[in-house]
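# Report on the structure
The primary structure of each chain is shown beneath.
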Amino acid sequence: MAFNRFVSHKAAVVSVFVMAILVIFVALSPFTARYGVNEAVQAPPNYFLTPRANAWLGTDDIGRDLYSRLIYGVRVSLVIGLFSAVISVVLGCLIGAVAGFRGGRFDDVVMRVTDLFLAFPFLVTLLVMRNVLGSIEWLRPIIGDLSSVRFIIVLFAVFGWMGVARIVRGQVLALKEREFIEAARAVGASRWYIVRRHLLPNSIGPIMVALTFSVVSAIISEATLAFFGYGPQAGDGATSLGILVGAAKSAVNPGFWWLAVFPCLTLVVIALSINFIGDALRDATDPRLQRDS
Amino acid sequence: MKEKVLEVRDLRVTFNTPLGPLAAVRGVDLDVYGGEMVAVVGESGSGKSVSFLAAMGLLPRTATVEGSVVLQGEQLVGAAPKKLRSVRGRLMSMIFQDPLSALNPVHKIGAQISEMLRAHQSMSEKAALARAVDLLEIVGIPQPGDRAQQYPHEFSGGMRQRVVIAMAIANSPKLLIADEPTTALDVTVQAQILEVIQRVQAQFGTAVVLITHDLGVVARVCERVNVMYAGRVVERANIMDVFDQPTHPYTRGLLASLPQTGVERLVPINGFPPNMLKPPSGCAFRPRCTHATDACGASLPELQPVGDSMSACIRAREVMAKA
Amino acid sequence: MLRYVLRRLAWAVPTLLFITFLVYIALRTGTDPVASYKRVNARATPAKIQQYIDANGLDPNYVRGYFRWLGNFLTFDWPRSIKGSREVWPALKDALANTIRLGIAASAVGIVVGLMLGVFAALRPGGRRDVAVNTAAFVGISVPPYVSAILFQLLFAVYWSRWFGSTLFPTAGVYPPGHTGFDLALMAKHMVLPTFVVAIQIIAVYSRYMRSSLLDVLSSEYMRTARSKGISERRVLFKHGLRNALIPVVTIAALDVGAIVGGLIITENIFSYPGMGMYFLTAFGDGDFPLLMPWMVIIVFSTLMFNLLADISYAWLDPRIRLE
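Throughout this document, residue positions are counted from 1 along each chain, in the order its sequence is written. A letter from A marks each chain and a number from 1 marks each ligand, given out in the order of writing. The model is predicted, so local features are restricted to residues of pLDDT at least 70 and side-chain atom pairs to those at 80 or more, both for listing and for counting; the totals for chains, interfaces and linings are taken over all residues.

### Topic: the overall build of chain B
Within chain B one finds twelve helices and twelve strands. What you see for chain B is a C-alpha radius of gyration of 20 Å, in line with the 20 Å of a compact globule of 323 residues. Along the three orthogonal principal directions, the C-alpha set of chain B runs to about 65 × 50 × 45 Å. Put plainly, a residue is buried at 20 or more neighbouring C-beta atoms within 10 Å of its own, exposed at 12 or fewer, and partly exposed in between, counting only other residues' C-beta atoms, which are placed from the backbone. Counting every position in chain B, which comprises 323 residues, the buried fraction comes to 46%. Secondary structure elements are taken from DSSP: a helix is a run of H or I of four residues or more, a strand is a run of E of two residues or more, and numbering for both begins at the N terminus. Put simply, the radius of gyration uses C-alpha atoms, and a globule should come to 2.2 Å times the residue count raised to 0.38.

If you want it as structure tokens, here you go:
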């Protein structure tokens, strides 16, 4: 039923295919990329070459193939997006469900904390907390160094859960008063059982939607950080989509359009696709439309 | 003979749905005379509300309306929007089931009634508000002057419905259509509202069409009854005849399923209402009728006189004889 | 209502103190102000360093340090930037003014156009207009501002000048380098591209809000009642439909406008627009504590005030809401 509704959103179906192709392409990167991530296309002069036979999307400032780097970059960004989104959603579900269900002090605290962080411009919170997290000595072995991929995933997860928690909390609050919850309680079900067996499964829709939007948010945030030079800097020329997009800025004035257009286009396609999927998911799981005739 | 206020002939309403055309109203004939209270009874899906929404021109664009609806000599089907707007609220008005959602939550009560007045009469704001307060008094709202400055959510259900009635009769319309006005209210309040409607009717000489699924409500206040099923009128009779000598098996079924003192078991009507996307051929009640014959499925039965009533059952006389 | 406002304002003071305290802690741990100072002023004497520490309230004890900072801040005894001892307020004031200008311009355009498009789409849901507006809004939301900014820069600055010889819209700064004084026309010309980029996002978001809100309202029973009164369709739409549909939208707009002061960082950076965003990025990159704290205070203050404004406007517009 919900699947049918999802499938009726043509843009979303196309997006699923696009993302699937992208993911496969990227997963098979040793085969699909033409050069190594740090490998020059040819002997100098090899920098800022326009798209051509041996460099499909042109080269960057030190002669590396943009096409290959794009593949590797997207892989890194997708990994960051996926992992941080999953962690955010798991954390957010737990905290949100408990906050909504139990209410009281815990709920108040959670709401205040999320309000506080949401009061600041997102980028500001991101940058400041990045520094704060990075300067806590005893965390470093666990979450890695400031410029590592692991750190970024943790950073996004630490902020991502708030949005998800609010959504789940809202769902739980709405469901809490429904009769089937009262019935479950009347039969003596424990609170944890109710959360696990009734509340969470009924919130799958919004949770899935939150998941997709978390992924997009993480990918775009990674690009934003990289834009300002605060992104993941795994050495050896390793790159991310964010870094490539960030480099676009300085490629504009001299007119090296391929360095700007292709990374930006990739980012937009990914963002659009995931957004379409998320939107279709939201429509497909909208309880108001779930009337079996 | 009293003057005829509303004449409906062969009214048909079809909705264009994603699943295909849905014939909600399939040829309704109806008359309403001046000052009388007529009931239109039927279950959900019978087309009773849709018929009158169509008459008012309040259906969405997906609906196609055909046939004839003549109000005081003016044809309403296919009329220009401007003409319809001048009729609505002035010659003909409608009140709906849920008074809370029927009133705009952000406007004061007095202002909402004034709006009705000033839409069709040239009055100053002050005069309109004063008249609104009068109307509130007529429908029995205490301290009308103060209450006119309040918002809908500050009223109880019964009070709100009174406000809605006040708004509807503001311009002394010739016809008031009350679409399930008591369904959303407590039983005790229901009686009050019906009483208000009767009072208003007497004072302004308004004809009232009472749409409901509740025969008990009908018995209190109506003079004539139209019973609708699956988009058509299947019985038309005076109030006493309908209860004493129903001429259509559906009406019989409705009466039999009413809780009554002394009756131990309720007798429901078997089966389900028909799917209006694919209505059955011939008489739509056939699948659920204990008196059905093959002839019943041949063609859509028309209303025929049976005694003082009109019945759309081709076996009406036999049905009545068996009772 | 008045009591509520006064109570909120009274609460705002301790809230402000608490939040600025948290910010103080975060900035101290995150940017290491003393190390930054030493880095920028490599030849500073220990006396100067101590002076810096005192002026900024950077005591080893965070609480005492915070109150010292607070004391200086409230008496307008603001310490100067670590770079060249520049005064904070003039730079901050200019940055604030620039961002407010850009923000107001973009918000005004964005919200008005967005609302109109939303109404446009909602009047015929599912129709061609609706699909067009929805898709456009969707694309607008999915394209991050810096992508559109970069693409616009590419188009208008680089290629336009290549094709037409001169730049149509400047892509950097508020005035051309070296310009002094106030020139409205020149400023406006510089603001066109950044305003456009920001406005696109706003239009996308608000058209969706409005469409959604109006669709909800249009399917309400009171719309049918309004029509049954025989009033003009225009009156039905404006006095009944929009009047209700605007309620949630206005509330959100109040919050968004409050967030504008800190919300244009990326766009400002791309267009080298000297607003609050650029101010923050430079200060943060340098670890310039004396520049950062006042900036944060403005942000927090703006957020709190506009939150209050949003709540008040919601209650004012919707009589069902009772502010306790």
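### Focus: the overall build of chain A
A tally of regular secondary structure across chain A gives 13 helices and zero strands. Reading the helices (α) and strands (β) of chain A from amino to carboxyl end gives α-α-α-α-α-α-α-α-α-α-α-α-α. Overall, the C-alpha framework of chain A stretches about 80 × 50 × 30 Å when taken along its three principal axes. The buried share of chain A, reckoned over its 293 residues, is 44%. Expressed as a percentage of contacts within chain A between residues at least 6 apart in sequence, the contacts between residues at least 24 apart total 70%. Two residues qualify as a contact pair if the distance between their C-beta atoms, derived from the backbone, is within 7 Å.

### Observations concerning the interface of chain A and chain C
Contacts between the two partners involve 29 residues from chain A, matched on the other side by 30 residues from chain C. Of all the secondary-structure elements, those providing two or more residues to the side of chain A that touches chain C are α5 (104-119), α6 (122-134), α11 (204-227), α12 (241-252) and α13 (257-284) of chain A. Sorting elements by how many residues they give to the side of chain A that touches chain C places α13(A) first, with eight residues. Grouping the amino acids of the side of chain A that touches chain C by side-chain chemistry returns 22 nonpolar, six polar and one charged. Classification convention: Asp, Glu, Lys, Arg as charged; Ala, Val, Leu, Ile, Met, Phe, Trp, Tyr, Cys, Pro as nonpolar; all other residues, Gly among them, as polar.

### Topic: the confidence of the model for chain A
Of all residues in chain A, 95% attain a pLDDT of 70 or more, and the chain-wide mean is 82. Model confidence for chain A, summarised as mean pLDDT per element, is weakest for helix α1 (residues 2-7) of chain A at 72 and strongest for helix α4 (residues 66-102) of chain A at 88. The predictor reports its confidence for every residue as pLDDT, a score running from 0 up to 100.

### Here we look at the arrangement of the chains
For this structure, the chain pair with the highest number of contacts among two pairs of chains in contact is chains A and C. These two, chain A and chain B, are apart from each other, with no contact and a minimum C-alpha gap of 11 Å.

### Structural notes on the interface of chain B and chain C
Listed by partner, the interface residues are 24 residues for chain B and 18 residues for chain C. Those elements giving two or more residues to the side of chain B that touches chain C turn out to be α2 (81-87), β6 (92-95), α3 (99-102) and α4 (109-120) of chain B. Counting residues per element, the side of chain B that touches chain C draws most heavily on α4(B), which supplies four residues.

### Side note on the domain arrangement of chain B
The accessible area lost on association of the parts is a frequent measure of interface size. Residues and elements named next belong to chain B. Under the domain assignment used here, chain B contains domain 1 (4-222) and domain 2 (228-322). Here domain 1 and domain 2 have C-alpha centroids that lie 28 Å from each other. Counting residues at the interface gives 22 residues for domain 1 and 16 residues for domain 2. Looking at the side of domain 1 that touches domain 2, the elements that each hand over two or more residues are β2 (20-33), β3 (37-41) and α9 (215-221). Here the side of domain 1 that touches domain 2 takes ten residues from β2, the largest share from any one element. Broken down by class, the residue content of the side of domain 1 that touches domain 2 amounts to twelve nonpolar, six polar and four charged. Residue ranges for the domains trace back to a domain assignment, done automatically or taken from a database.

### Describing the packing of α11(A) against α12(A)
Residue and element names in this part refer to chain A. Structural elements are reduced to axes, namely lines fitted to C-alpha atoms, with helices fitted over the stretch in contact, and the angle between N-to-C directions of any two is expressed from 0 to 180 degrees. One can describe the packing of α11 onto α12 by two numbers: an axis separation of 7 Å at closest approach and a directional angle of 50 degrees. Looking at the two axes, α11 sits oblique to α12. The chirality of how α11 crosses α12 is right-handed. The residues of α12 that touch α11, namely those facing Glu222, Ala223, Leu225, Ala226 and Phe227, are Leu241, Gly242, Ile243, Val245 and Gly246. In terms of residue class, the contact of α11 with α12 is made up of seven nonpolar, two polar and one charged. Angles below 35 degrees are treated as roughly parallel, those above 145 as roughly antiparallel, those between 65 and 115 as roughly perpendicular, and all remaining angles as oblique. The crossing is said to be left-handed when, going from far helix to near helix, the turn is anticlockwise and less than a right angle, and right-handed when the turn is clockwise.

### With respect to the sheet that holds strand β12 (residues 309-311) of chain B
Residues and elements named next belong to chain B. By this definition, two strands are paired if DSSP reports at least two bridges between them. Taken in spatial order, the eight strands make up an open sheet running β6-β7-β8-β3-β9-β10-β12-β11, and their pairing is mixed. If you trace the sheet from one side to the other, it starts and ends with β6 and β11 (304-306), each paired once. Averaged over all pairs of adjacent strands, the angle between their axes in this sheet comes to 25 degrees, without regard to strand direction. Across four bridges, the pairing between β6 and strand β7 (residues 175-179) is parallel.

### Quick notes on the pairing of strand β8 (residues 207-212) of chain B
All names here are of chain B. Counting buried residues in β8 gives six out of six residues, a clear majority hidden from the surface. Neither face of β8 is exposed, since Ala207, Val209 and Ile211 on one face and Val208, Leu210 and Thr212 on the opposite face are all buried. Sheet topology note: the β3/β8 ladder contains five bridges and is parallel. When the sheet's bridge partners are listed, Ala39 is paired in β8 with Leu210. Two elements, β7 and β8, share five bridges in a ladder whose sense is parallel.

### A closer look at the sheet that holds β2(B)
All names here are of chain B. With respect to topology, four strands assemble into an open sheet ordered β2-β1-β4-β5, the strand pairing being antiparallel. Each edge of the open sheet carries a strand with a single partner, namely β2 and β5 (74-75). Direction of pairing for strand β1 (residues 4-17) relative to β2: antiparallel, over a ladder of eleven bridges. Residue Val13 lies in a different strand from β2, and its bridge partner there is Val25.

### Digging into unusual backbone geometry
Residue and element names in this part refer to chain B. One non-glycine residue, Asp10, adopts positive backbone phi at about 50 degrees. Judged by the 12 C-beta atoms lying within 10 Å of it, Asp10 falls in the exposed class. With a phi angle near 50 degrees, Ala230 is a residue other than glycine that sits in the positive phi range. With respect to the helices and strands, Ala230 occurs in the loop between β9 (224-229) and β10 (232-238). With 24 C-beta atoms counted inside 10 Å, the residue Ala230 sits in the buried group.

### Observations regarding the environment of Ser272(C)
Along the polypeptide, Ser272(C) turns up in the loop between α11 (265-270) and α12 (276-286). Along the chain, Ser272(C) and Pro194(C) lie 78 residues apart, while their C-alpha atoms are 9.8 Å from each other.

### Regarding the nonpolar core
Note on definitions: a nonpolar core is a set of buried residues drawn from Ala, Val, Leu, Ile, Met, Phe, Trp, Tyr and Cys, linked by C-beta atoms within 7 Å. Counting 255 residues, the largest nonpolar core has Ile165(B), Ala166(B), Leu175(B), Val209(B) and Ile150(C) as the members making the most contacts within it. Ranked by the residues each element gives to this core, the list is headed by α4(A), at 17 residues. Shared between two domains, this core takes at least three residues from each, and those domains are domain 1 (4-222) and domain 2 (228-322) of chain B. Not counting residues up to four positions away in its chain, the partners in contact with Leu175(B) are Val5(B), Leu6(B), Val32(B), Leu71(B), Leu91(B), Met92(B), Thr206(B) and Ala207(B).

### Re α4(A)
Helix span is expected to be 1.5 Å times the residue number reduced by one. With 37 residues, α4(A) should cover 54 Å at 1.5 Å per step; its first-to-last C-alpha distance of 52 Å lies within 8% of that length. Downstream of α4(A) by a residue or two, Gly103(A) has a phi angle that is positive, lying close to 65 degrees.

### Focus: the environment of Gly205(B)
Residues and elements named next belong to chain B. Tracing the sequence through the fold places Gly205 in the loop between α8 (187-204) and β8. Counting along the chain gives 170 residues from Gly205 to Gly35, while the straight-line C-alpha distance between them is 4.9 Å. Among all residues touching Gly205, those that are not within four sequence positions of it are Gly34 and Gly35.

### Regarding helix α2 (residues 10-27) of chain A
Residue and element names in this part refer to chain A. The end-to-end C-alpha separation of α2 is 26 Å, in line with the 26 Å expected for 18 residues at 1.5 Å each. Of the positions making up α2, those classed as buried are Ala12, Ser15 and Val26. Summarising the axial view, the buried residues of α2 lie within an arc of 55 degrees, below the 170-degree limit, and thus occupy one face. Every exposed residue of α2 that faces more than 90 degrees away from the buried side is listed here: Lys10, Phe17, Ala20, Ile21 and Ile24. The arc in question is traced by the directions running from the helix axis to the C-beta atoms.

### Here we look at the packing of helix α5 (residues 88-123) of chain C against helix α6 (residues 128-142) of chain C
Residues and elements named next belong to chain C. The interhelical angle for the contact between α5 and α6, taken along N-to-C directions, is 140 degrees, at an axis separation of 7 Å. Comparing their axes, α6 and α5 come out oblique. Crossing hand, α5 versus α6: left-handed. In contact with Leu117, Phe120 and Ala121 of α5, α6 contributes Arg129, Asp130, Val133 and Asn134. Of the residues contributing to the contact of α5 with α6, the split by class is four nonpolar, one polar and two charged.

### Quick look at the environment of Asp244(B)
When you line up the elements, Asp244(B) lands in helix α10 (residues 239-244). Note: C-alpha distance between Asp244(B) and Glu318(B) (74 residues apart in sequence) is 16 Å.

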